[in-house]
Amino acid sequence: MHSFDVTIIGAGAAGLFCAGVAGQLGLKVLVLDHADKVAEKIRISGGGRCNFTNRDTGAANFLSDNPRFCRSALSRYSPRDFTGLLDRHRIAYHEKHKGQLFCDHSADDIIQMLLAECAASGNVSRWQPCAVRSIRFSPSSPRIHWPSSYEIDSNQGTVVCGAIVVATGGLSIPKIGATDFGYRVARQFGLPVVTPRPALVPLTFDEAAWAPFAQLAGLSLPVKIETGSKKDKIAFLEDLLFTHRGLSGPGVLQISSYWQPGTPIRLNLAPDTDVAAFLTEAKTRSRKRIANELATLVPARLADTWVAQGARLGHQWERPVNEASDKSLIALAEHLSRWEVNPTGTEGYRKAEVTAGGVDTRALSSQTLEATQQSGLYFIGEVVDVTGWLGGYNFQWAWASAFACAQGLAAKLQGSSPP
Ligand code: FDA
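Everything numeric in this text was worked out from a predicted model, so none of it was measured.

A. A look at the nonpolar core. Core analysis: the biggest nonpolar cluster contains 134 residues, and Ile 42, Phe 242, Phe 379 and Trp 399 have the highest contact counts within it. No other element matches the 13 residues that helix α13 (residues 393-416) contributes to this core. For Phe 242, the residues in contact, after removing those within four places along its chain, are Trp 210, Phe 213, Leu 216, Ala 217, Gly 218, Leu 219, Leu 221, Leu 247, Leu 302 and Trp 339. Core analysis: the second largest hydrophobic core is formed by six residues, Leu 200, Val 354, Ala 356 and Leu 390 among them.

B. Up close: the pairing of strand β6 (residues 100-103). Burial along β6 is two-sided: the residues Gln 100 and Phe 102 and Leu 101 and Cys 103 are all buried. Sheet analysis places strand β5 (residues 93-95) next to β6, joined by three bridges and oriented antiparallel. Paired with Glu 95 across the two strands is Leu 101, which belongs to β6. Here β5 folds back onto β6, and the loop between the two strands holds four residues, one of which, Lys 98, carries a positive phi near 45°.

C. Representation of unusual backbone geometry in the model. Put simply, Gln 128 and Pro 129 share a cis peptide bond, and its omega is 0°. One can find Pro 129 in the loop between β7 (124-127) and β8 (132-138). Within the chain, Leu 200 stands out as a residue other than glycine whose phi angle is a positive 50°. Turning to its location among the elements, Leu 200 is positioned in the loop between β11 (193-199) and β12 (203-204). With phi around 45°, Lys 230 is a residue other than glycine that occupies positive phi space. With respect to the helices and strands, Lys 230 occurs in the loop between β13 (220-227) and β14 (234-242). Classification of Lys 230 as exposed rests on a relative accessible area of 81%.

D. The site of the ligand, seen in detail. Surrounding the ligand, one finds 29 residues, the nearest of these being Ala 14, Asp 33, Asn 51, Thr 179 and Glu 382. One of the backbone N or O atoms of Ala 13 is found 3.2 Å from an oxygen atom in the ligand. Within the residue set of the shell around the ligand, elements represented by two or more residues are α1 (13-24), α2 (40-44) and α13. Among the elements that line the shell around the ligand, the one with the most residues is α13, at three residues. When the residues that make up the shell around the ligand are grouped by side-chain class, the tally is twelve nonpolar, 13 polar and four charged.

E. Up close: the sheet that holds β5. Pairing is antiparallel in the open sheet, where three strands are placed in the order β3-β6-β5. What marks the edges here is a single partner per strand, and that holds for β3 (51-54) and β5. In this sheet, adjacent strand axes meet at a mean angle of 30° when their direction is disregarded. Taken strand by strand, helix α4 (residues 79-88) contacts β3, β5 and β6, and its axis lies near 140° from that of β3.

F. Highlighting the pattern of salt bridges. Going through the model one piece at a time under the given rule, you end up with 18 salt bridges. One salt bridge in this structure joins Arg 362 and Asp 65, with 3.6 Å as the shortest N-O distance. Taken together, the positions of Arg 362 in the loop between β19 (354-359) and β20 (377-379) and Asp 65 in the loop between β4 (62-63) and α3 (71-76) put the pair 297 residues apart, joining distant regions of the chain. Overlapping salt bridges bring together Glu 40, Arg 43 and Asp 108 as one network.

G. Spatial organisation of the state of the cysteines. All chains considered together, the criterion is met by zero disulfides. With no disulfide of its own, Cys 50 lies closest to Cys 103 among cysteine sulfurs, the gap being 5.4 Å. Distance from the sulfur of Cys 161, which forms no disulfide, to the nearest cysteine sulfur (Cys 130) is 12 Å.

H. Up close: the sheet that holds strand β18 (residues 345-346). The strand order across the open sheet formed by seven strands is β17-β16-β13-β14-β15-β12-β18, and the pairing between neighbours is antiparallel. Every interior strand has two partners, whereas the edge strands, β17 (339-341) and β18, have only one. One ladder, built from three bridges, connects strand β16 (residues 265-268) with β17; its direction is antiparallel. Across the sheet, the residue bridging to Leu 267 is Trp 339, located in β17.

Rules and cut-offs
- Residues numbered from 1 in each chain as written.
- Predicted model: local features only at pLDDT ≥ 70, side-chain atom pairs only at ≥ 80, totals over all residues.
- Heavy atoms only, no water.
- Core = buried A, V, L, I, M, F, W, Y, C linked by side-chain atoms within 4.5 Å.
- Buried < 20%, exposed > 50% of the residue type's maximum accessible area, 1.4 Å probe, protein only.
- Helix = DSSP H or I, 4+ residues; strand = E, 2+ residues; numbered from the N terminus.
- Contact = heavy atoms within 4.5 Å.
- Pairing = 2+ DSSP bridges.
- Near = heavy atom within 4 Å.
- Polar contact = N/O pair within 3.5 Å; in protein donor to acceptor, adjacent residues only side chain to side chain.
- Nonpolar A, V, L, I, M, F, W, Y, C, P; charged D, E, K, R; others polar.
- Axes fitted to C-alpha atoms, helices over the stretch in contact; angles between N-to-C directions.
- Salt bridge = Lys/Arg side-chain N within 4 Å of Asp/Glu carboxyl O.
- Disulfide = S-S within 2.5 Å.

These results come straight from atomic positions and should not be treated as a statement about function.
Okay, structure coming up:
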């Protein structure tokens, strides 16, 4: 039987960071993970360079059934706190786009930093690969100075500890170790789970309806993309990428987190231009085909497809611009700047960057991430129903929730240690 103050299940972003901070606060920590390789999701993140935070992180950049929950943790561990840690480890980074910070060299810098923080504490053990078979709760144990205790049965032996931190992430990318373990533990102890769903994920369309656009696969352009109506309307100005099966790119990934199946998304394919004014002005000076004029606003392949598609629907858009009626040019402009499409689904967890939904935050303390009705059980990172936008927000939530949890664990140990 091994005893620790705390066992953290999941050696990913949140789990490793929590282990390092808790270890440095004097807790004896075990972190275990069933995957062969440590923190594989960090390694593949940000195209191998890890977009580890966003300078402008706020609660508005997150989705949750309980939107105010994330404020407390985010305010106590900021992007600046994390870049301070990187500076101490002499890890070089740069800002790429809209506050997104990436490593100059490699995502591995972040993994090595997290492991070094754990090692520096002298208090953190890591068992990996290690599979958890079961978790049992008992009000207390003579082996540890905690108000409650847990017994974990694993394939490397039995562990008794005062607290468990579940940091097993979401369901995306199952081939590198994602499981529903965290949700099962939540249910075992009576915590509700907001139904998980793939988020930051490409959208797919009915094959026949998409056929005219499938040939545009690989083409990318800046767009305004929106979904929802009135009060719950949300829009992003980001790039769109056509794929064989539908739409991807940063704009689509962002909107996918908000998209409700059965509802449309709307796209403005030339967000910086008044297309109607442009075309009616072109009519006064040009004899070029409409597609050629459009090609000054959007990629030529898109302009050609657009005009051909319009012709199939009965519009006379294949003629020279000076021969087109004002009405048909205005219809074309309207079509291009308010393109409404109806996705039939998403590419699912195989391609999703994150999982929306998760352990219901109404059952957790926003100060410490501890279950309010289950002493000593904590949930941090992506397993919790807090989902960030694309752009470094999900890692910032991992760091901030892990930090709040580690502080909570230390306070609890102090409160329950014998004088
Ligand atoms: P994380 O998934 O990191 O770790 C969970 C750990 O738990 C894993 O090591 C897993 O093996 C382990 N585990 C699971 N089940 C277990 C079980 N039953 N027993 C034991 N261990 C178990 N975010 C961002 O902010 N910037 C970015 O650049 C990117 N880029 C990106 C690219 C790609 C391709 C993906 C898939 C995701 C991103 N993300 C991202 C999202 C980001 O990677 C994610 O939100 C964080 O890694 C979440 O951190 P966690 O520690 O919560 O889970």
